[in-house]
Amino acid sequence: KIILFIKLGLFPVVSSIPSYLDFEKKYDLKICFKNDDEFKILIKNVNQNFNDFKIKKDIILDDYSSLSLYNKWIKIFKK
């Protein structure tokens, strides 16, 4: 879901599930929330969070490009 948001040009704001938390940590972003209070803080700081995101957007899209995903599948099937 996060990658789909990014490809559509949207800033992802998502609930705190393990895979999203891993993504958030990997790219040093603030996009996850656990409760209403965390959501309010996330929205309050949306400008800073969005600026951080814009800096990393191209790296993220490169990591999840069709070619990158294809190469990962090829590695799996070569084993």
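Just so it is clear, the structure is predicted and the values come from calculations on it, not from any experiment. (Residues numbered from 1 in each chain as written. Predicted model: local features only at pLDDT ≥ 70, side-chain atom pairs only at ≥ 80, totals over all residues. Heavy atoms only, no water.)

Asker: Mind laying out the pattern of salt bridges, listing which residues take part and the relevant values?
Answerer: For the coordinates displayed, the defined rule picks out 2 salt bridges. With a shortest N-O distance of 3.9 Å, glutamate 24 and lysine 30 are connected by a salt bridge. Between lysine 56 and aspartate 28 there is a salt bridge, with the nearest N and O atoms lying 3.9 Å from each other. Placement of the pair is lysine 56 in helix α4 (residues 46-63) and aspartate 28 in the loop between α2 (18-26) and β2 (32-33), with a sequence separation of 28 residues. What makes aspartate 28 exposed here is its relative accessible area of 60%. (Salt bridge = Lys/Arg side-chain N within 4 Å of Asp/Glu carboxyl O. Helix = DSSP H or I, 4+ residues; strand = E, 2+ residues; numbered from the N terminus. Buried < 20%, exposed > 50% of the residue type's maximum accessible area, 1.4 Å probe, protein only.)

Asker: Break down the packing of aromatic side chains for me, with residues and values.
Answerer: In this structure the tally under the stated criterion is 7 aromatic pairs. Between the aromatic rings of phenylalanine 11 and phenylalanine 53, the centroid separation amounts to 5.5 Å while the plane-to-plane angle is 70°, which identifies the pairing as edge-to-face. With phenylalanine 11 in the loop between α1 (2-7) and β1 (14-15) and phenylalanine 53 in helix α4, this residue pair connects regions lying 42 residues apart in the sequence. With a relative accessible area of 17%, phenylalanine 11 lands in the buried category. (Phe/Tyr/Trp six-rings, centres within 6.5 Å; stacked < 30°, edge-to-face > 60°.)

Asker: I'd like a description of the environment of isoleucine 31, backed by residues and values.
Answerer: Secondary-structure assignment places isoleucine 31 in the loop between α2 and β2. When its relative accessible area of 0% is taken as the criterion, isoleucine 31 is described as buried. What isoleucine 31 contacts, discounting residues up to four positions off in sequence, is Ile2, Phe11, Pro12, Val13, Val14, Phe23, Glu24 and Leu42. (Contact = heavy atoms within 4.5 Å.)

Asker: Can you explain the nonpolar core? Please cite residues and give values.
Answerer: Counting 13 residues, the largest nonpolar core has Ile2, Ile6, Val14, Phe23, Leu29, Ile31 and Ile60 as the members making the most contacts within it. Breaking this core down by element, the ones donating at least two residues are α1, α2 and α4. Among the elements that make up this core, the one with the highest residue count is α1 (3 residues). Among all residues touching leucine 29, those that are not within four sequence positions of it are Phe23, Glu24, Asp52, Phe53, Lys56 and Ile60. (Core = buried A, V, L, I, M, F, W, Y, C linked by side-chain atoms within 4.5 Å.)

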